[in-house]
Amino acid sequence: MAIPSVMILPMLIVVAAGVYYIYNEVMQFMSKCLVRNKVVVITDAVSGVGTECAHLFHKGGARLILCGTSWDKLESLYDSLTNDADPRETFAPKLVILDFSDMDSMEDVVAEVMECYGCVDVLICNSSMKLKAPVQSTSLELDRNIMDINYFGPSTLAKVEEYEVVVSTISHTFINASDPPPVEEPAPKPNTLSAFIAKQLTNGVHPSVLANEIVQTVNRKRKEVVLAHPIPWVALHLRSILPSFLFAVLGAGVKDSVLAEQ
């Protein structure tokens, strides 16, 4: 019996959705299998993204080494991970104080990390520092500190690829750690397109979304990942052809953030 032509497209959509669902389920299952027993170091475990990563890798059975500048926050994260965890399926995390602004302490920190399990399988270098201040009032020392934390530390990792170490970079828009707004009945808007564009430029990436992408990137060993909403993503990839479009998107984002702060 022949299938009516009008049914072909809906059937293709249903099949594609089913394949996509099965693929995601398989990848999530594999994620847990692939990280089990792996030694995972998170350089800033007490941040929003670091905490989300800690929960995901801990549930997957990884042997975590949680780093941060605050011992109290590290202990609080340790408690949240171990209170309801099954000791037969998970490992109690190790805690290490790490402050990239104190470069003289790095040798001791590395030694302490290596003493935990004797090796490192996965290093999540998510430590970062941001500053909003006029350039004329920013000291050179502070500039150097920001570059040490945000650039020189992670950039040196590219040199280890010759030792068959996979280095992955995830480029994302700003991290939006605020809770999502409650779902309400949508009010009629005069310009739906402009509202959609504004939403894409101002929402940012939630820590849980970024953490899931980090887990997937570790498992798939992808080297370059761009995590952004559609409009910034398109603007980034068109920057060499239409640089004015990229700057327009960046400028719109800055204007929106300024208005939000006022």
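None of these values were measured; they are calculated from a predicted model. Starting afresh in each chain, residues are numbered from 1 along the sequence in its written order. Per-residue local features of the predicted model are confined to residues with pLDDT of at least 70, and side-chain atom pairs are confined, for both listing and counting, to 80 or more; whole-chain, interface and lining totals are unaffected and use all residues. Heavy atoms from the whole structure form the basis of all side-chain values; hydrogens and water molecules are not counted.

**Student:** I'd like a rundown of the packing of aromatic side chains, residues and numbers included.
**Tutor:** Within a pair of aromatic rings, the relevant descriptors are the distance that separates the centres and the angle that separates the planes. Working definition: rings of Phe, Tyr and Trp (its six-membered ring) pair if their centres are within 6.5 Å, and the pair is stacked with planes under 30 degrees apart, edge-to-face with planes over 60 apart, and tilted otherwise. Applying the stated criterion across every chain, the model contains 0 aromatic pairs. Just above the ring of Tyr 117 sits the side chain of Arg 63; from NZ or CZ to the centre is 5.0 Å. Sitting over the face of the ring of Tyr 117, Lys 94 holds its NZ or CZ atom 5.6 Å from the ring centroid. Only lysine NZ and arginine CZ atoms are considered, and such an atom sits over a ring when it is within 6 Å of the ring centre and within 35 degrees of the ring normal.

**Student:** Talk me through the nonpolar core; I want residue IDs and the actual numbers.
**Tutor:** Counting 23 residues, the largest nonpolar core has Val 40, Ile 42, Cys 53, Phe 57, Leu 64, Leu 66 and Ile 124 as the members making the most contacts within it. Per the convention used, a helix needs a DSSP run of H or I reaching at least four residues, while a strand needs a run of E reaching at least two, with both numbered from the N terminus. Breaking this core down by element, the ones donating at least two residues are strand 1 (39–42), helix 2 (48–59), strand 2 (63–68), helix 3 (71–82), strand 4 (122–124) and helix 7 (207–220). Contacts between residues were defined by any pair of non-hydrogen atoms, one from each residue, lying within 4.5 Å. Excluding residues that lie within four positions of it along the chain, Cys 53 makes contacts with Ile 42, Ile 124, Ala 211 and Ile 214. Val 41, Ile 65, Val 96 and Ile 149 belong to the second largest nonpolar core, which has 11 residues in total. Buried Ala, Val, Leu, Ile, Met, Phe, Trp, Tyr and Cys residues that are joined via side-chain atoms within 4.5 Å together make up what is termed a nonpolar core. Remark: exposure states derive from per-residue accessible area (1.4 Å probe, protein chains only) relative to the maximum for the residue type, with buried under 20%, exposed over 50%, and partly exposed in between.

**Student:** Tell me about the pairing of strand 6 (residues 224–227), residues and numbers included.
**Tutor:** Put simply, side chains in a regular strand alternate between the two faces of the sheet. Burial along strand 6 is one-sided: the residues Val 225 and Leu 227 are buried and none of Glu 224 and Val 226 is. Between any two strands, at least two bridges found by DSSP are needed for them to pair. Relative to strand 6, strand 5 (residues 169–172) runs parallel, the two sharing 4 bridges. The partner of Ser 171 across the bridge, within strand 6, is Val 226.

**Student:** Tell me about the sheet that holds strand 2, and name the residues and values.
**Tutor:** The 4 strands lie next to each other as 3-2-1-4, forming an open sheet whose pairing is parallel. Bordering the open sheet on either side are strand 3 (94–97) and strand 4, each of which pairs with just one other strand. Across this sheet, the average inter-strand angle for adjacent strands is 20°, counted without regard to direction. Across 4 bridges, the pairing between strand 2 and strand 3 is parallel. The axes are straight lines fitted to the C-alpha atoms, using for helices just the contacting stretch, and the angles between their N-to-C directions are given from 0 to 180°.

**Student:** Account for the side chain of Asp 44, with residues named and values stated.
**Tutor:** Along the chain, the position of Asp 44 falls in the loop between strand 1 and helix 2. Residues counted as positive are Lys and Arg, residues counted as negative are Asp and Glu, and His and the chain ends are not counted. By salt bridge we mean one thing: a side-chain nitrogen of Lys or Arg within 4 Å of a carboxyl oxygen of Asp or Glu. Buried charge Asp 44 goes without a salt bridge, the closest partner of opposite sign being Lys 73 at 8.1 Å. Beyond its immediate sequence surroundings of up to four residues, Asp 44 is in contact with Gly 50, Cys 67, Asn 126 and Ser 127.

**Student:** Any details on a nonpolar patch on the surface? Residues and values, ideally.
**Tutor:** What goes into a patch is any residue over 30% in relative accessible area without a salt bridge, connected to like charges within 9 Å or, for nonpolar side chains (Val, Leu, Ile, Met, Phe, Trp, Tyr), within 5 Å. Note on areas: Shrake-Rupley, 1.4 Å probe, and residue coverage restricted to the protein chains presented here. A surface patch of nonpolar side chains, about 310 Å² in accessible area, is lined by Val 110, Met 114, Val 120 and Leu 123. Within the secondary structure, Leu 123 is located in strand 4.

**Student:** Can you lay out a negative patch on the surface for me, pointing to particular residues and giving the numbers?
**Tutor:** In this description, the location of a charge corresponds to atom NZ of lysine, CZ of arginine, CG of aspartate or CD of glutamate. Together, Glu 107, Asp 108, Glu 112 and Glu 115 give the surface a local cluster of negative charge. Secondary-structure assignment places Glu 112 in helix 4 (residues 106–117).

**Student:** Explain unusual backbone geometry to me, using residue names and the numbers behind them.
**Tutor:** Not every positive phi belongs to a glycine, and Asn 37 is a case in point at roughly 70°. Mapped onto the elements of the fold, Asn 37 is located in the loop between helix 1 (5–35) and strand 1. Among the residues examined, Asn 37 registers a relative accessible area of 40% and is labelled partly exposed.

**Student:** Account for helix 7, with residues named and values stated.
**Tutor:** Here a helix's expected span is defined as the number of its residues, less one, multiplied by 1.5 Å. A rise of 1.5 Å per residue sets the reference length of helix 7, with its 14 residues, at 20 Å; its end C-alpha atoms lie 20 Å apart and thus fit the reference within 8%. Buried residues of helix 7: Pro 207, Leu 210, Ala 211, Glu 213, Ile 214, Val 215, Gln 216, Thr 217 and Asn 219, and no others. Count one or two residues on from helix 7 and you reach Lys 221, which has phi positive near 60°.

**Student:** How would you explain the pattern of salt bridges if you had to name every residue and give the values?
**Tutor:** Scanning all chains against the criterion turns up 2 salt bridges. Taking the shortest distance from any N to any O, the salt bridge between Arg 36 and Glu 89 comes out at 3.6 Å. With Arg 36 in the loop between helix 1 and strand 1 and Glu 89 in the loop between helix 3 and strand 3, the pair connects residues that are 53 residues apart, well separated along the chain. A residue is classified by how much of its surface remains accessible, and Glu 89, at 44% relative accessible area, is partly exposed. With a shortest N-O distance of 3.2 Å, Arg 88 and Asp 86 are connected by a salt bridge. Under the relative-accessibility criterion, Arg 88 is labelled exposed at 74%.

**Student:** Which residues make up the packing of helix 2 against helix 3, and what values go with them?
**Tutor:** Packing of helix 2 against helix 3 brings their axes to within 11 Å, and their N-to-C directions diverge by 35°. Where helix 2 crosses over helix 3, the handedness of that crossing is right-handed. Contacts between helix 2 and helix 3 involve Thr 51, Ala 54, His 55 and His 58 from the first element and Leu 77, Ser 80 and Leu 81 from the second. Class assignment for the residues of the contact of helix 2 with helix 3 results in 3 nonpolar, 4 polar and no charged. Throughout, a crossing is termed right-handed when the near helix is turned clockwise from the far one, and left-handed when it is turned anticlockwise from it by less than a right angle. All amino acids are sorted into three groups, where Ala, Val, Leu, Ile, Met, Phe, Trp, Tyr, Cys and Pro are nonpolar, Asp, Glu, Lys and Arg are charged, and the leftover types, Gly among them, are polar.

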